[in-house]
Amino acid sequence: MLSQEENALLPQVSRGTPMGELWRRYWLPIAASSELIDKPTKAVRLLGEDLVLYRDKQGRPGLIGPQCAHRRMSMLLGIPDNDGLRCPYHGWLYGKDGKCLEQPYEQAEDPASTFKDRIRMPAYPVQELGGLLFAYLGPEPAPLIPRWELFVRDGVLRDIGAAVIPCNWLQIMENSLDPVHVEWLHQHFFNYVQERLGRTEFKGHPVSHKMINFREFEHGIIKTRMLEGETEENEDWQVGHPVLFPNILLSGSTQRPTFQIRVPLDDSHTLHLWYTCYARDDAKPQDVIPFYQVPVPAIDATGEPDWSLLDNNSGEDMIAWMTQGGVADRTQEALGLSDKGIILYRRQLKEQMEKVQAGQDPMNVFRDPAQNVSIKLRLEEAKLNRGSFRGGGQTRQGGATKYSPILNSEEK
């Protein structure tokens, strides 16, 4: 278990907190590029800050405070301009750096006025990579966005799924350091859900874990497992798959790898992104990478979930995270032998917080372009719990392929 002090320290993401300052050393994905096609503005929340994401008329993304500095009208209704976003109330124009560029009436009344030069909105840099929009809320100079191979790989189709999950980011990330939950949550519990729904499709002969192991590497932690009936020669034990510090799980298989990316919106809400590549020999660069929403299981006033959304890996995971509470109380937990990966990850968080406090760059902050061309990662060819299980009647809208969505996700 954690002490009260540690339990308060690790989940917090607001500015000025140790963990909040660690998070502000990273570029964080806040939307799919395609989300700004039909609407040029989008309200976002990131690390406890409310902001407005937008594209100007030149197609350049920006991120600005939510209300105009003049009379506080919402900038979500702002008018895209060639050089930024203009407040519709009185026409004040703000550039990507938040500086006020124009004040139409004030400048017409007094052409020599310097009033606009004294006005500035909160604003942060935004960059695009691999169909995602990344924001950086930290100190300058900003590092490079890590060019993980999935973001820059050729010869693949991609799609991007998203869900806002009403719980703290840490309980989601800790799930990725917990291999043993797969045999119970995604096998035995799946069968129980099917039984509750009156269905007859079950996962027969669930496999169990004989051993799990975790090893640190330059980008985070590699987790490996040995299943019942396997030997040490199996790729589950020899290769494993990585958790990239601080917030990415690489899952799936070599033919269909998926990044699960967790972005703290605030202390009790997390943006979860599924970024999937599909190997295709004939794949050409996509003009638009499809985007879809992943349903979040609802919980009624009695604590009863929507069982129809629990017949798939993602729904099962989400209900496990959400029912721990908005921020899990780790002072009440009882960790066992299966939790060694969680303990290791928490240690990494503390070590990297201390590096930031000492004025150093934490893990996976890149500044040398030569070291950031394409960062390759190893992944098993096959996975425990691999395969699809149709569920919930949900279908992907505009996905890169026509299989059922996330509900088919290959397990962690």
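What you are looking at is a predicted structure, and each value in this text was computed from that prediction instead of being measured.

To continue, consider unusual backbone geometry. The omega angle of the peptide bond from Glu 140 to Pro 141 is 0°, so this bond is cis rather than trans. Position of Pro 141 relative to the elements: it lies in the loop between strand E11 (132-136) and helix H4 (149-152). Omega for the bond connecting Phe 245 with Pro 246 falls within 30 degrees of zero, at 0°, which places this linkage in the cis form. Looking at where Pro 246 falls in the secondary structure, it is placed in the loop between strand E15 (241-244) and strand E16 (248-253).

This part takes up the sheet that holds strand E19 (residues 291-293). Spatially, E13-E14-E15-E16-E17-E18-E12-E19 is the arrangement adopted by the eight strands of the open sheet, whose pairing is mixed. In this open sheet, the two edge strands, each paired with only one partner strand, are strand E13 (209-217) and E19. With strand direction ignored, the average angle separating the axes of adjacent strands in the sheet is 25°. Bridge count between E13 and strand E14 (residues 220-227): eight bridges; the pairing is antiparallel. When the bridges of E14 are listed, Glu 216 appears paired with Ile 221.

Another aspect to go through is helix H6 (residues 181-196). The principal kink in H6, of about 35°, is found at Phe 190. For H6, the elements touching its buried residues are helix H5 (169-176), E13, E14 and helix H8 (313-322).

This part covers the sheet that holds strand E5 (residues 79-81). Taken in spatial order, the four strands line up as E5-E6-E7-E8 in an open sheet, and their pairing is antiparallel. The sheet is open, and its two edges are formed by E5 and strand E8 (100-102), each paired on a single side. Pairing geometry for strand E7 (residues 93-94) and E8, over two bridges, is antiparallel. Within the sheet, the bridge partner assigned to Tyr 94 lies in E8 and is Cys 100.

What follows covers the pairing of strand E2 (residues 41-46). Relative to strand E3 (residues 49-55), E2 is paired through six bridges, and the arrangement is antiparallel. Looking across to E3, one finds that Arg 45 is bridged to Asp 50. Remark: two residues form the turn of the hairpin made by E2 and E3, two consecutive strands paired antiparallel; Leu 47 in that turn has positive phi of roughly 55°.

With that out of the way, let us pick up the nonpolar core. Formed by 70 residues in total, the largest nonpolar core has its most connected members in Leu 53, Leu 63, Trp 148, Phe 151, Trp 169, Phe 259 and Tyr 345. With six residues, the top contributor of residues to this core is helix H9 (residues 340-357). Here Trp 169 is in contact with Leu 10, Pro 11, Val 13, Met 19, Trp 23, Pro 264, Thr 270, Tyr 345 and Leu 349, once residues within four sequence places are set aside.

Before going further, it helps to examine the pairing of strand E1 (residues 27-32). Taken across its six residues, E1 has six buried, putting it largely inside the fold. With five bridges connecting them, E1 and E11 associate as antiparallel partners. From the neighbouring strand, Leu 28 faces E11, where its bridge partner is Ala 135.

Moving on, we come to the side chain of Glu 316. As for its placement among the helices and strands, Glu 316 is situated in helix H8. An unpaired buried charge is present at Glu 316: no salt bridge exists, and Lys 203, the closest side chain of opposite charge, is 5.2 Å distant. When sequence neighbours within four positions are dropped, the list of residues in contact with Glu 316 reads Leu 185, His 186, Phe 189, Phe 190, Leu 310 and Asp 311.

This part covers the pattern of salt bridges. If charged atoms from side chains of opposite charge come close, those side chains can pair. Counting across every chain of the model gives 23 salt bridges. Here Glu 21 and Arg 25 are joined by a salt bridge, their closest N and O atoms 3.2 Å apart. Assessed through its relative accessible area of 22%, Glu 21 is described here as partly exposed. The partner of Arg 347 in a salt bridge is Glu 351, with the nearest N and O atoms 3.3 Å apart.

Basis of the calculations
Residues numbered from 1 in each chain as written. Predicted model: local features only at pLDDT ≥ 70, side-chain atom pairs only at ≥ 80, totals over all residues. Heavy atoms only, no water. Helix = DSSP H or I, 4+ residues; strand = E, 2+ residues; numbered from the N terminus. Pairing = 2+ DSSP bridges. Axes fitted to C-alpha atoms, helices over the stretch in contact; angles between N-to-C directions. Bend = angle between axes of the 7 residues up to and from the residue. Contact = heavy atoms within 4.5 Å. Core = buried A, V, L, I, M, F, W, Y, C linked by side-chain atoms within 4.5 Å. Buried < 20%, exposed > 50% of the residue type's maximum accessible area, 1.4 Å probe, protein only. Lys, Arg positive; Asp, Glu negative; His and termini not counted. Salt bridge = Lys/Arg side-chain N within 4 Å of Asp/Glu carboxyl O.

Geometry only, nothing functional implied.
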